[in-house]
Amino acid sequence: MNQKIYNILLLPLLLPIVMLSGCVENTNQQAVPTSSTELQNSSTVQITDMMGRQLTVPAEISSVIGTSSPSAILVYMLAPDKLAGWNSKQNFTQPFMDENYSNLPVIGNWLGSKTGNYETIIEMHPDIVIESTATDGETNEAIERRQENLGSIPVVAINDSILFVTQSDSTIEYVGKLLNCEAQAKKLIEFRSSILNEINSTVKDIPENEKVRVYYAEGPEGLMTDPSGSQHSQVIDICGGINVADCPLTPVSGMTQVSIEQVMNWNPQIIITSNPQFYASVYSDTLWKSVDAVQNKRIYLAPQNPFCWIDRPQGPHLILGTAWTAKMLYPDLFADMDLSELTRKFYSEFFHYDLKDEELNTLLNPATKT
């Protein structure tokens, strides 16, 4: 038989075999999830963290550890049942938090105290670890070292915008998507936007000579502080106050030491503090008696439970402390701001705790010795 004719006759018989062979080969290839249905059906998914690193994480994340308080607080606010532990011990006898969350184990911190322990985290088998960090080369290397020490546990980097009240929406949105709680993230972003818009629209037109002069008292003696521009005193800047502290900015950790003579010279109209010990003693301390804020009894202790509202730890909860600061600095301008109602709503929706009347009063009206 002519070879050409033979090939033509054979071709129809070979085509189904070739096609079948191709189908078998394709079924053995790993499919990359591209749709929401495929993502749900896959045990793992590929993600890009906020530093641009490609990671494989479980499709359903149910256990999360943050390496610092800001990241842990964000997880708690968005998806509390997924938080596996705290970074430091909550020292309050009544933390205003459901015991299911307040009794979570303490796993240490890599921001500030540097008490984090890799073995502790590995033994807990979290689905992911969230690292809150800046976006520079040295930090990138540190993230890779962290990943190497944690082995197969994915380290998801979020950027340090979570430390800043006016900048953290992108991080909240990212973590909301990561933990499949986008509705809660949207709710928090909308709450923040509402507060910041109200504050900005109220204080932006205050003449410079009518802005209140504010001192942020830190430490048990009140003689540590942070000047304008510090991440630790940011609520004063946001709320249109004049931060009187004319002193060096101590990078990262803050808390620059000053003298009582400097404070007397600055003579603030208002003092805000995050230290209960200073607040309890300042009115009876003769060193402070000549300061305007003391004489006019305009010293305010930021609410403390379950986390300080204005600083240390920083995180997305500071939005409530920003509203509190605005109310303390300019009570007349913010007369229509119902701080009690805002606090109840925030605790219920983002701290997952319904405040009793006496608890609300303790937060907003701390006792002091006069």
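Quick note: structure is the one above.
First things first, this report covers the structure right here in the doc. (Residues numbered from 1 in each chain as written. Predicted model: local features only at pLDDT ≥ 70, side-chain atom pairs only at ≥ 80, totals over all residues. Heavy atoms only, no water.)

**Details of the overall build of the protein chain**
Step number 1: Each helix and strand counted, the protein chain has 15 helices and 11 strands in total.
Step number 2: Counting the 370 residues in the protein chain, one finds 49% classified as buried.
Step number 3: Long-range contacts, defined as pairs at least 24 residues apart, comprise 62% of the intrachain contacts of the protein chain with a sequence gap of at least 6.
Step number 4: For the protein chain, the accessible surface area stands at approximately 18600 Å², while carbon and sulfur atoms represent 50% of it. (Helix = DSSP H or I, 4+ residues; strand = E, 2+ residues; numbered from the N terminus. Buried < 20%, exposed > 50% of the residue type's maximum accessible area, 1.4 Å probe, protein only. Contact = heavy atoms within 4.5 Å. Areas by Shrake-Rupley, 256 points an atom, 1.4 Å probe, with all protein chains shown as cover.)

**Digging into the nonpolar core**
Step number 1: With 78 residues, the main nonpolar core has L179, I272 and F346 as its most contacted residues.
Step number 2: Considering each element in turn, this core owes the most residues, eight residues, to helix α13 (residues 318-329).
Step number 3: By size, the runner-up hydrophobic cluster in this structure holds 21 residues, among which are A245, C247, V258 and A293. (Core = buried A, V, L, I, M, F, W, Y, C linked by side-chain atoms within 4.5 Å.)

**Side note on the packing of aromatic side chains**
Step number 1: All chains considered together, the criterion is met by 16 aromatic pairs.
Step number 2: For the pair W309 and Y347, a centre-to-centre distance of 6.3 Å together with 50° between the ring planes defines the contact as tilted. Taken together, the residues span a long stretch of sequence, with W309 in the loop between β11 (299-301) and α13 and Y347 in helix α14 (residues 339-350) at a distance of 38 residues. An identical accessibility class is assigned to W309 and Y347; each is buried.
Step number 3: Ring centres of F346 and F350 lie 5.2 Å apart, and the angle between their planes is 55°; on these two criteria the pair is classed as tilted. With a gap of four residues between them, F346 and F350 both fall in helix α14, about one helical turn apart.
Step number 4: By relative accessible area, F346 is classed as buried at 0%.
Step number 5: With relative accessibility at 0%, the residue F350 sits in the buried group. (Phe/Tyr/Trp six-rings, centres within 6.5 Å; stacked < 30°, edge-to-face > 60°.)

**As for the pattern of salt bridges**
Step number 1: As enumerated under the stated definition, the model contains 11 salt bridges in all.
Step number 2: In this structure, R53 and D49 form a salt bridge, with 2.5 Å as the shortest nitrogen-oxygen distance. Like D49, R53 is buried.
Step number 3: As a salt-bridge pair, K204 and D205 come within 3.1 Å of each other at their nearest N and O atoms. Like D205, K204 is exposed.
Step number 4: The network of salt bridges with common partners includes E218, D226, D311 and R312. (Salt bridge = Lys/Arg side-chain N within 4 Å of Asp/Glu carboxyl O.)

**Brief notes about α13**
Step number 1: Over its 12 residues, α13 runs 16 Å from end to end, which matches the ideal 16 Å to within 8%, given 1.5 Å per residue.
Step number 2: Here α13 lies mainly inside the structure; 12 of its 12 residues are buried.
Step number 3: When α13 is considered as a whole, its buried residues turn out to be L318, I319, L320, G321, T322, A323, W324, T325, A326, K327, M328 and L329.
Step number 4: Contacts from the buried residues of α13 go to α8 (182-203), β6 (213-217), α9 (234-238), β10 (270-273), β11 and α14. (Expected span 1.5 Å × (residues − 1).)

**Overview of the pairing of strand β2 (residues 54-58)**
Step number 1: Bridge count between strand β1 (residues 44-48) and β2: five bridges; the pairing is antiparallel. Each residue of the ladder has a partner; that of T48, found in β2, is Q54. (Pairing = 2+ DSSP bridges.)

**Examining the side chain of S132**
Step number 1: Along the polypeptide, S132 turns up in strand β4 (residues 128-133).
Step number 2: Setting aside anything within four residues of it in sequence, one finds S132 in contact with T67, S68, S71, I158, N159, D160 and I162.

**A few points about unusual backbone geometry**
Step number 1: Between N305 and P306 the backbone carries a cis peptide bond, its omega angle lying at -5°.
Step number 2: Structurally, P306 can be placed in the loop between β11 and α13.
Step number 3: At the junction of R312 and P313, the peptide bond is cis and its omega measures out at 5° in the coordinates.
Step number 4: With respect to the helices, strands and loops of the structure, P313 is situated in the loop between β11 and α13.
Step number 5: The residue H352 is not glycine, and still its phi comes out positive at about 60°.
Step number 6: Along the chain, H352 turns up in the loop between α14 and α15 (357-364).

**Quick word on the side chain of D49**
Step number 1: For D49, the location among the structural elements is in the loop between β1 and β2.
Step number 2: Note on D49: relative accessible area 4%, which makes it buried.
Step number 3: For D49, the side chain forms a polar contact with the main-chain nitrogen of M51, separated by 2.9 Å.
Step number 4: Within the local environment of D49, its side chain forms a polar contact with the side chain of R53, the two groups lying 2.5 Å apart.
Step number 5: Dropping the residues within four chain positions of it, D49 is found in contact with L55, V155, V156, A157 and Y174. (Polar contact = N/O pair within 3.5 Å; in protein donor to acceptor, adjacent residues only side chain to side chain.)

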